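What follows is the residue order along each chain.
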Amino acid sequence: MKILITGSTGVLGTALINQLTSLNYDVKLTSRRKPETPGQFDWVYSDLFSGDGLDEAVKNVEVVIHAATSPLKNARRIDVSGLENLLTKLEHIKHFIYPSIVGIEEIPFKYYKLKCEAEDLLKNSSIPYTIVRATQFHGFVDHLLLSKPLFKRYIIPGSIKFQSVDVGDFANHLIGLIEKGPQGRVDDFGGPEIMSLSEMANLKINVNNEPNKIVSIALPGKLYKSLLNGKNTNNMRQIGRVTFEEYLRQKLD
Ligand SMILES: NC(=O)c1ccc[n+]([C@@H]2O[C@H](COP(=O)([O-])OP(=O)(O)OC[C@H]3O[C@@H](n4cnc5c(N)ncnc54)[C@H](OP(=O)(O)O)[C@@H]3O)[C@@H](O)[C@H]2O)c1
(Lines give C-alpha, C1' and ligand atoms only; values in the text may rest on other atoms or scores of the structure.)
Protein backbone atom coordinates (compact mmCIF):
# COMPACT_ATOMS: atom_id res chain seq x y z
CA MET A 1 0.00 0.00 0.00
CA LYS A 2 1.66 3.25 -1.13
CA ILE A 3 1.18 6.15 1.27
CA LEU A 4 1.70 9.81 0.37
CA ILE A 5 2.64 12.26 3.12
CA THR A 6 2.04 15.88 2.08
CA GLY A 7 3.69 18.66 4.09
CA SER A 8 6.69 16.43 4.63
CA THR A 9 8.94 19.26 5.89
CA GLY A 10 6.45 20.45 8.51
CA VAL A 11 6.14 19.70 12.20
CA LEU A 12 3.62 16.90 11.70
CA GLY A 13 5.22 15.71 8.44
CA THR A 14 8.58 15.33 10.19
CA ALA A 15 7.01 13.39 13.08
CA LEU A 16 5.27 11.10 10.57
CA ILE A 17 8.56 10.43 8.75
CA ASN A 18 10.32 9.65 12.05
CA GLN A 19 7.75 7.01 12.93
CA LEU A 20 7.24 5.56 9.46
CA THR A 21 10.99 5.00 9.11
CA SER A 22 10.81 1.97 11.40
CA LEU A 23 7.57 0.60 9.90
CA ASN A 24 7.08 -1.50 6.84
CA TYR A 25 5.14 0.94 4.65
CA ASP A 26 5.84 2.07 1.11
CA VAL A 27 5.94 5.84 1.56
CA LYS A 28 6.26 8.82 -0.78
CA LEU A 29 6.88 12.32 0.56
CA THR A 30 5.91 15.63 -0.98
CA SER A 31 6.35 19.33 -0.21
CA ARG A 32 8.07 22.27 -1.92
CA ARG A 33 11.35 21.85 -0.03
CA LYS A 34 13.02 18.46 0.38
CA PRO A 35 12.98 17.20 3.99
CA GLU A 36 16.43 17.25 5.63
CA THR A 37 16.01 13.65 6.77
CA PRO A 38 13.66 11.87 4.37
CA GLY A 39 14.80 8.48 5.68
CA GLN A 40 14.55 5.72 3.09
CA PHE A 41 11.62 7.40 1.33
CA ASP A 42 11.33 9.00 -2.11
CA TRP A 43 10.43 12.65 -2.18
CA VAL A 44 8.78 14.58 -5.00
CA TYR A 45 8.29 18.31 -5.36
CA SER A 46 4.75 19.65 -5.40
CA ASP A 47 3.11 23.00 -4.76
CA LEU A 48 -0.52 23.26 -3.69
CA PHE A 49 -0.55 26.95 -4.66
CA SER A 50 0.28 26.43 -8.34
CA GLY A 51 -0.65 22.74 -8.64
CA ASP A 52 2.82 21.96 -10.01
CA GLY A 53 4.02 18.43 -9.31
CA LEU A 54 0.72 17.15 -7.88
CA ASP A 55 0.14 14.62 -10.69
CA GLU A 56 3.52 13.05 -10.02
CA ALA A 57 2.96 13.17 -6.25
CA VAL A 58 -0.34 11.25 -6.37
CA LYS A 59 0.77 8.65 -8.93
CA ASN A 60 0.23 5.05 -7.65
CA VAL A 61 -0.78 6.28 -4.21
CA GLU A 62 -3.53 4.54 -2.23
CA VAL A 63 -3.52 6.44 1.06
CA VAL A 64 -2.81 10.14 1.69
CA ILE A 65 -2.00 11.75 5.03
CA HIS A 66 -2.46 15.44 4.26
CA ALA A 67 -0.11 17.35 6.56
CA ALA A 68 0.42 20.32 4.22
CA THR A 69 -0.93 23.65 5.38
CA SER A 70 -0.11 27.34 5.22
CA PRO A 71 -1.86 29.21 8.04
CA LEU A 72 -0.07 32.52 7.52
CA LYS A 73 0.44 32.93 3.77
CA ASN A 74 -2.12 32.28 1.00
CA ALA A 75 -4.07 30.18 3.48
CA ARG A 76 -7.30 29.99 1.45
CA ARG A 77 -5.46 29.23 -1.77
CA ILE A 78 -3.45 26.38 -0.19
CA ASP A 79 -5.68 24.95 2.52
CA VAL A 80 -8.99 25.16 0.63
CA SER A 81 -8.50 25.67 -3.15
CA GLY A 82 -5.26 23.67 -3.09
CA LEU A 83 -7.00 20.83 -1.29
CA GLU A 84 -9.94 20.99 -3.73
CA ASN A 85 -7.55 20.70 -6.67
CA LEU A 86 -5.68 17.85 -4.98
CA LEU A 87 -8.92 15.95 -4.37
CA THR A 88 -9.79 16.06 -8.09
CA LYS A 89 -6.62 14.04 -8.68
CA LEU A 90 -7.40 11.44 -6.03
CA GLU A 91 -10.47 9.67 -7.42
CA HIS A 92 -8.43 6.45 -7.39
CA ILE A 93 -7.35 6.41 -3.73
CA LYS A 94 -8.63 4.25 -0.89
CA HIS A 95 -8.24 6.62 2.04
CA PHE A 96 -7.55 10.32 2.65
CA ILE A 97 -6.54 11.12 6.24
CA TYR A 98 -7.05 14.75 7.24
CA PRO A 99 -5.62 16.20 10.48
CA SER A 100 -7.84 19.00 11.71
CA ILE A 101 -8.08 21.03 14.91
CA VAL A 102 -10.34 20.70 17.98
CA GLY A 103 -13.05 23.34 18.33
CA ILE A 104 -12.63 25.01 14.94
CA GLU A 105 -16.29 25.94 14.50
CA GLU A 106 -16.42 27.58 17.92
CA ILE A 107 -13.24 29.65 17.75
CA PRO A 108 -13.44 32.83 15.65
CA PHE A 109 -10.09 32.62 13.89
CA LYS A 110 -9.70 32.94 10.12
CA TYR A 111 -7.49 29.87 9.69
CA TYR A 112 -9.96 27.75 11.66
CA LYS A 113 -12.80 28.88 9.40
CA LEU A 114 -10.73 27.61 6.46
CA LYS A 115 -10.16 24.30 8.27
CA CYS A 116 -13.98 23.97 8.54
CA GLU A 117 -14.27 24.63 4.80
CA ALA A 118 -11.58 22.03 4.10
CA GLU A 119 -13.42 19.46 6.23
CA ASP A 120 -16.63 20.24 4.27
CA LEU A 121 -14.82 19.75 0.95
CA LEU A 122 -13.83 16.28 2.04
CA LYS A 123 -17.25 15.40 3.43
CA ASN A 124 -18.86 16.43 0.14
CA SER A 125 -16.34 14.58 -2.03
CA SER A 126 -16.57 11.00 -3.19
CA ILE A 127 -13.19 10.21 -1.64
CA PRO A 128 -13.12 7.83 1.35
CA TYR A 129 -11.75 9.85 4.23
CA THR A 130 -11.01 10.08 7.93
CA ILE A 131 -11.00 13.47 9.63
CA VAL A 132 -9.36 13.59 13.04
CA ARG A 133 -9.08 16.78 15.02
CA ALA A 134 -6.17 17.30 17.41
CA THR A 135 -5.51 19.94 20.05
CA GLN A 136 -2.55 22.31 19.62
CA PHE A 137 0.89 20.68 19.55
CA HIS A 138 3.21 21.33 22.54
CA GLY A 139 5.62 23.11 20.20
CA PHE A 140 2.89 25.47 19.02
CA VAL A 141 2.41 26.81 22.56
CA ASP A 142 6.14 26.71 23.30
CA HIS A 143 7.36 28.42 20.12
CA LEU A 144 4.49 30.77 19.39
CA LEU A 145 3.11 31.91 22.72
CA LEU A 146 6.04 31.35 25.09
CA SER A 147 9.00 32.12 22.83
CA LYS A 148 9.66 35.79 23.44
CA PRO A 149 9.94 37.00 27.01
CA LEU A 150 10.18 40.80 27.03
CA PHE A 151 12.49 42.29 29.68
CA LYS A 152 12.48 38.89 31.41
CA ARG A 153 8.71 38.76 31.44
CA TYR A 154 6.24 36.53 29.60
CA ILE A 155 3.46 39.03 28.93
CA ILE A 156 0.68 36.60 28.07
CA PRO A 157 -3.07 36.04 28.27
CA GLY A 158 -2.32 33.69 31.12
CA SER A 159 -5.87 32.49 31.79
CA ILE A 160 -6.51 30.98 28.35
CA LYS A 161 -6.45 27.21 28.30
CA PHE A 162 -4.61 24.62 26.25
CA GLN A 163 -4.61 20.84 26.12
CA SER A 164 -1.45 20.62 24.10
CA VAL A 165 -0.44 17.30 22.62
CA ASP A 166 2.82 15.72 21.58
CA VAL A 167 3.12 15.73 17.79
CA GLY A 168 4.72 12.27 17.93
CA ASP A 169 1.67 10.90 19.78
CA PHE A 170 -0.60 12.39 17.13
CA ALA A 171 1.55 11.09 14.26
CA ASN A 172 1.35 7.62 15.80
CA HIS A 173 -2.44 7.93 15.99
CA LEU A 174 -2.68 8.99 12.33
CA ILE A 175 -0.52 6.04 11.25
CA GLY A 176 -2.82 3.74 13.21
CA LEU A 177 -5.73 5.03 11.13
CA ILE A 178 -4.14 3.69 7.92
CA GLU A 179 -5.02 0.10 8.86
CA LYS A 180 -8.48 1.02 10.14
CA GLY A 181 -9.56 2.36 6.75
CA PRO A 182 -11.87 5.33 6.10
CA GLN A 183 -14.15 6.19 9.03
CA GLY A 184 -15.46 9.70 8.33
CA ARG A 185 -15.04 12.13 11.21
CA VAL A 186 -13.63 10.32 14.25
CA ASP A 187 -13.16 11.29 17.91
CA ASP A 188 -10.78 14.10 18.76
CA PHE A 189 -7.19 13.45 19.81
CA GLY A 190 -6.29 15.67 22.77
CA GLY A 191 -3.29 16.06 25.01
CA PRO A 192 -3.17 14.49 28.49
CA GLU A 193 -3.69 17.70 30.54
CA ILE A 194 -5.67 20.92 30.32
CA MET A 195 -3.66 23.85 31.66
CA SER A 196 -3.78 27.62 31.64
CA LEU A 197 -1.10 29.40 29.64
CA SER A 198 0.26 30.77 32.96
CA GLU A 199 0.67 27.23 34.29
CA MET A 200 2.48 26.25 31.10
CA ALA A 201 4.75 29.31 31.32
CA ASN A 202 5.50 28.41 34.95
CA LEU A 203 6.51 24.90 33.91
CA LYS A 204 8.77 26.30 31.21
CA ILE A 205 10.42 28.67 33.68
CA ASN A 206 11.00 25.87 36.21
CA VAL A 207 12.17 23.18 33.78
CA ASN A 208 14.57 25.53 31.95
CA ASN A 209 15.64 27.41 35.07
CA GLU A 210 14.70 30.69 33.42
CA PRO A 211 14.90 34.06 35.21
CA ASN A 212 11.60 35.12 33.62
CA LYS A 213 8.43 36.17 35.41
CA ILE A 214 4.84 35.99 34.17
CA VAL A 215 2.65 39.01 33.59
CA SER A 216 -0.86 37.85 32.79
CA ILE A 217 -3.07 40.15 30.75
CA ALA A 218 -6.68 39.99 29.60
CA LEU A 219 -7.52 40.65 25.95
CA PRO A 220 -10.69 41.97 24.34
CA GLY A 221 -12.64 40.00 21.79
CA LYS A 222 -14.37 36.74 21.01
CA LEU A 223 -11.19 34.81 20.18
CA TYR A 224 -9.82 35.44 23.67
CA LYS A 225 -13.15 34.51 25.23
CA SER A 226 -13.37 31.24 23.31
CA LEU A 227 -9.87 30.21 24.46
CA LEU A 228 -10.68 31.35 28.01
CA ASN A 229 -13.64 28.98 27.85
CA GLY A 230 -11.43 26.16 26.61
CA LYS A 231 -13.19 25.73 23.25
CA ASN A 232 -9.87 24.43 21.89
CA THR A 233 -9.90 21.58 24.41
CA ASN A 234 -11.84 18.33 24.84
CA ASN A 235 -11.74 16.96 28.36
CA MET A 236 -13.36 13.71 27.23
CA ARG A 237 -10.42 13.00 24.92
CA GLN A 238 -7.24 13.26 27.01
CA ILE A 239 -5.49 10.64 24.90
CA GLY A 240 -1.91 11.77 24.24
CA ARG A 241 0.76 10.37 26.57
CA VAL A 242 3.57 12.93 26.63
CA THR A 243 2.84 15.89 28.93
CA PHE A 244 4.00 19.45 28.29
CA GLU A 245 6.53 19.10 31.11
CA GLU A 246 7.92 15.88 29.58
CA TYR A 247 8.12 17.61 26.20
CA LEU A 248 10.15 20.46 27.79
CA ARG A 249 12.47 17.99 29.57
CA GLN A 250 13.00 15.96 26.36
CA LYS A 251 14.18 19.17 24.68
CA LEU A 252 16.93 19.50 27.29
CA ASP A 253 18.29 15.99 26.65
N1 LIG B 1 0.45 22.95 14.77
C2 LIG B 1 -0.52 22.55 15.58
O3 LIG B 1 -0.53 22.87 16.79
C4 LIG B 1 -1.65 21.69 15.02
C5 LIG B 1 -2.58 21.16 15.90
C6 LIG B 1 -3.60 20.33 15.39
C7 LIG B 1 -3.68 20.08 14.02
N8 LIG B 1 -2.76 20.65 13.20
C9 LIG B 1 -2.88 20.39 11.75
O10 LIG B 1 -1.82 19.54 11.37
C11 LIG B 1 -1.46 19.80 9.99
C12 LIG B 1 0.04 20.04 9.90
O13 LIG B 1 0.38 21.18 10.68
P14 LIG B 1 1.91 21.55 10.99
O15 LIG B 1 1.91 22.33 12.25
O16 LIG B 1 2.77 20.36 10.85
O17 LIG B 1 2.22 22.55 9.79
P18 LIG B 1 3.64 23.16 9.38
O19 LIG B 1 4.71 22.78 10.33
O20 LIG B 1 3.41 24.63 9.14
O21 LIG B 1 3.96 22.45 7.99
C22 LIG B 1 3.26 22.79 6.84
C23 LIG B 1 3.74 21.94 5.68
O24 LIG B 1 3.00 22.34 4.52
C25 LIG B 1 3.89 22.51 3.44
N26 LIG B 1 3.40 23.56 2.53
C27 LIG B 1 3.21 24.87 2.80
N28 LIG B 1 2.81 25.51 1.70
C29 LIG B 1 2.74 24.57 0.71
C30 LIG B 1 2.42 24.63 -0.67
N31 LIG B 1 2.10 25.78 -1.28
N32 LIG B 1 2.45 23.48 -1.38
C33 LIG B 1 2.81 22.30 -0.80
N34 LIG B 1 3.13 22.19 0.50
C35 LIG B 1 3.11 23.32 1.24
C36 LIG B 1 5.21 22.93 4.07
O37 LIG B 1 6.31 22.50 3.27
P38 LIG B 1 7.09 23.39 2.21
O39 LIG B 1 7.14 24.78 2.77
O40 LIG B 1 8.42 22.71 2.11
O41 LIG B 1 6.28 23.26 0.96
C42 LIG B 1 5.22 22.11 5.35
O43 LIG B 1 5.79 20.84 5.09
C44 LIG B 1 -2.32 21.00 9.56
O45 LIG B 1 -3.45 20.54 8.87
C46 LIG B 1 -2.74 21.63 10.89
O47 LIG B 1 -3.96 22.33 10.79
C48 LIG B 1 -1.74 21.43 13.65
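Attention here is on the structure that accompanies the text.

About the criteria used
Residues numbered from 1 in each chain as written. Predicted model: local features only at pLDDT ≥ 70, side-chain atom pairs only at ≥ 80, totals over all residues. Heavy atoms only, no water. Helix = DSSP H or I, 4+ residues; strand = E, 2+ residues; numbered from the N terminus. Rg over C-alpha atoms; globule rule 2.2 N^0.38 Å. Buried < 20%, exposed > 50% of the residue type's maximum accessible area, 1.4 Å probe, protein only. Areas by Shrake-Rupley, 256 points an atom, 1.4 Å probe, with all protein chains shown as cover. Pairing = 2+ DSSP bridges. Right-handed = clockwise from strand over helix to strand, strands pointing away. Arc of directions from axis to C-beta. Patch = residues over 30% accessible without salt bridge, like charges linked within 9 Å, V, L, I, M, F, W, Y side chains within 5 Å. Salt bridge = Lys/Arg side-chain N within 4 Å of Asp/Glu carboxyl O. Near = heavy atom within 4 Å. Polar contact = N/O pair within 3.5 Å; in protein donor to acceptor, adjacent residues only side chain to side chain. Contact = heavy atoms within 4.5 Å. Axes fitted to C-alpha atoms, helices over the stretch in contact; angles between N-to-C directions.

### Considering the overall build of the protein
On a plain count of helices and strands, the protein comes out with nine helices and 11 strands. The C-alpha atoms of the protein give 19 Å as radius of gyration, which agrees with the globular expectation for 253 residues (18 Å, within 12%). Along the longest, intermediate and shortest principal axes, the C-alpha atoms of the protein span 55 × 40 × 35 Å. Looking at the protein as a whole, 53% of its 253 residues are labelled buried. In the structure as shown, the protein presents an accessible area of about 12500 Å², 51% of it carried by carbon and sulfur atoms.

### A look at unusual backbone geometry
With a phi angle near 50°, N74 is a residue other than glycine that sits in the positive phi range. Assignment of secondary structure puts N74 in the loop between strand 4 (63–66) and helix 3 (75–88). The phi dihedral of K152 falls on the positive side, at around 60°, and the residue is not glycine. Of note, K152 is situated in the loop between helix 5 (138–145) and strand 7 (153–156). Taking relative accessible area as the criterion, K152 reaches 52% and is therefore assigned exposed.

### Topic: the pairing of strand 4
Successive side chains on a regular strand alternate, one facing one side of the sheet and the next facing the other. What you see with strand 4 is no split at all: V63 and I65 on one side and V64 and H66 on the other are buried throughout. Bridge count between strand 4 and strand 5 (residues 95–101): three bridges; the pairing is parallel. Paired with V64 across the bridge in strand 5 is F96. Tracing the backbone out of strand 4, into helix 3 and back to the parallel element strand 5 gives a crossover that is right-handed.

### Thoughts on helix 5
The set of residues buried in helix 5 consists of H138, G139, V141 and D142. The buried residues of helix 5 all sit within an arc of 165° when viewed along its axis, so they share a single face.

### A few points about a nonpolar patch on the surface
There is a patch of nonpolar side chains on the surface, built from L150, F151, I155, V215, I217 and L219 and spanning about 550 Å² of accessible area. Turning to its location among the elements, I217 is positioned in the loop between strand 11 (213–216) and helix 8 (222–228).

### Section: the site of the ligand
Inspection of the region around the ligand gives 27 residues, with T9, L12, L48, Y111 and K115 positioned closest. Between K115 and the ligand, the recorded distance is 2.6 Å, taken from a side-chain N or O atom to an oxygen atom. Separating an oxygen atom of the ligand from a backbone N or O atom of F137 is a distance of 2.8 Å. Against a free-state accessible area of 890 Å², the protein chains account for coverage of 89% of the ligand.

### Some words on the sheet that holds strand 5
If you trace the seven strands from one edge of the open sheet to the other, you get 3-2-1-4-5-6-9, paired in parallel fashion. Of all strands in the sheet, those with a lone pairing partner are strand 3 (42–45) and strand 9 (184–185), marking the two edges. Looking at chain direction, strand 1 (residues 2–6) and strand 4 are connected through four bridges and run parallel. Along strand 4, the bridge assignment pairs T6 with H66. Along the sheet, helix 1 (residues 11–20) contacts strand 1, strand 2 (26–31), strand 4 and strand 5; its crossing angle with strand 1, the most-contacted strand, is approximately 150°. Along the sheet, helix 6 (residues 167–180) contacts strand 1, strand 4, strand 5 and strand 6 (129–134); its crossing angle with strand 5, the most-contacted strand, is approximately 150°.

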